[in-house]
Amino acid sequence: MKFLRLIYILIFILFAESLPLQAVTPVQQTEQRYKIAVCDWMILKRQKIGSFELVRSLNGDGVELDMGSLGQREKFDNKLREPHFQQLFRETAQKFQLEVSSIAMSGFYGQSFLERANYKELVRECLDAMKVMDTKVAFLPLGGVKSGWDKDRDLRRELVRRLKEVGDMAASEGLVIGIETQLDAKGEIRLLKEINSPGIKIYYKFQNALENGRDLYKELRVLGKKRICQIHCTDTDGVTLPNNERLDMNKVKETLDKMKWSGWLVVERSRDKNDVHNVKKNYGTNINYLKEVFQER
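Structural notes, computed from the coordinates. (Residues numbered from 1 in each chain as written. Predicted model: local features only at pLDDT ≥ 70, side-chain atom pairs only at ≥ 80, totals over all residues. Heavy atoms only, no water.)

1. Structural notes on the environment of A129
- Of note, A129 is situated in helix α5 (residues 119-132).
- Overall, A129 belongs to the buried group, its relative accessible area being 1%.
- Separated by 49 residues in sequence, A129 and L80 have C-alpha atoms that sit 6.1 Å apart.
- Look past the residues within four positions of A129 in its chain and what remains in contact with it is M67, L80 and I103. (Helix = DSSP H or I, 4+ residues; strand = E, 2+ residues; numbered from the N terminus. Buried < 20%, exposed > 50% of the residue type's maximum accessible area, 1.4 Å probe, protein only. Contact = heavy atoms within 4.5 Å.)

Given below as C-alpha cells:
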C-alpha cells in the first residue's frame, strides 16, 4: 500500500509541475486583443512559403498573404488555387505557429477595379483562398480607380454597384472585404451606406490620413468600431515607427481601447528611407515596437 501511495504522489507531482507549461501555448497567444501581422509583398515574400519563417523570426503573430501580382494578366498569379500549395501553405503556417490575418488583392493598387470585366471572378478566387487559409478578411485597395471617381456620378454609381455585388458574395459566406480609399471618415461612411452590404467594411490605413493632413485619431472615432475590419498600422516610408514624430502610437492605442476595437494591426510600410531594403531591420523594429505598445506582457 505504501508503494502504491508513493506512485500516486509521484504522478500528482508530475501532473502539477506540467500545469505552468500549459499556460504558455500558441492558443494563449491568439487571445491578445491586438495581434501584429506583416504584408508578405512588402517583405519581398509575395506568395512565398518563406514568408512564414521570416515573420516568425521577426516576432510577428501573422501574415497578410497576397493573391499574387496582377498587372496585365487576366487572373492573379496565385499559387493558392493549386491543392499542393494550399496544403503546403497551411502546414507551414501551422509549423511556425502563425495565423493568416487576411488575404490581399494588392494588384488593385495599380489596376482599376472599375476596368476589370472579370472583377467578380477575381474576387471569387480571393474568397476561395480565404477559406483555404481560414481567414475572414480580404483587403481590396481602390488606388487603381481613376482619380476623382468620388465626384463623377457615373463612376461612383458603377463602383458602388460592383462593391455591393462582391460584398454580398462575401457576406453570404461569413466573410468581409475591407476596402481602402482616399476618402475621409465621413466620406467613407457615406460610401458604405451607398454600398449597403455587410460584406464591405473599411480597411483603415494610417498613411492616408497622415499624408492628407487629417486627424487619424478623430477619423478612427468617427468611423467607429463596427466599420473598421482591419488596420494598416503604418505611415509612408521615411522612418521606422519608433522614430515617427507625426504618429503617436500610444494615442492610437488609447483611441482604439476607448472604441473597444480589437483585431489585426498590419505592418505595411514605415521603412527607414536610408535603408529601405533592410527587411529584418525595418520590420523587426516596427513589429517589436507595436508589441511593446499594444500587447499585454
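That shown, we press on.
2. Here's the deal with the nonpolar core
- Judged by nonpolar contacts, the single largest core of 94 residues is most densely connected at F113, F206 and M249.
- In terms of residue count, α5 provides more of this core than any other element does, eight residues in total.
- If we ignore the near neighbours within four places in the chain, the residues touching F206 are L216, L220, I231, H232, C233, T234, L247, M249 and V252. (Core = buried A, V, L, I, M, F, W, Y, C linked by side-chain atoms within 4.5 Å.)

3. Some thoughts on the pattern of salt bridges
- Throughout the structure, instances matching the rule amount to 29 salt bridges.
- A salt bridge links D61 to K291, with the nearest nitrogen and oxygen atoms 2.8 Å apart. Residue D61 is located in the loop between α3 (50-57) and β2 (62-66), and its partner K291 is located in helix α11 (residues 279-294); the two are separated by 230 residues in the primary sequence.
- Taking the shortest distance from any N to any O, the salt bridge between R156 and E194 comes out at 3.0 Å. Of this pair, R156 sits in helix α6 (residues 153-171) while E194 sits in helix α7 (residues 185-195), placing them 38 residues apart in sequence. (Salt bridge = Lys/Arg side-chain N within 4 Å of Asp/Glu carboxyl O.)

4. Examining the side chain of S102
- Along the chain, S102 falls in strand β3 (residues 99-104).
- Only 3.1 Å separates the side chain of S102 from the side chain of S101, close enough to count as a polar contact.
- Within the structure, S102 has its side chain in polar contact with the side chain of Q230 (distance 2.6 Å). (Polar contact = N/O pair within 3.5 Å; in protein donor to acceptor, adjacent residues only side chain to side chain.)

5. Describing the side chain of E268
- Residue placement: E268 occurs in the loop between β8 (263-267) and α11.
- Note on E268: relative accessible area 2%, which makes it buried.
- Within the structure, the side chain of E268 is placed 2.9 Å from the side chain of Y109, a separation counted as a polar contact.
- Setting aside its immediate chain neighbours within four residues, E268 contacts C39, W41, M42, Y109, K205, H232, T234 and Y283.

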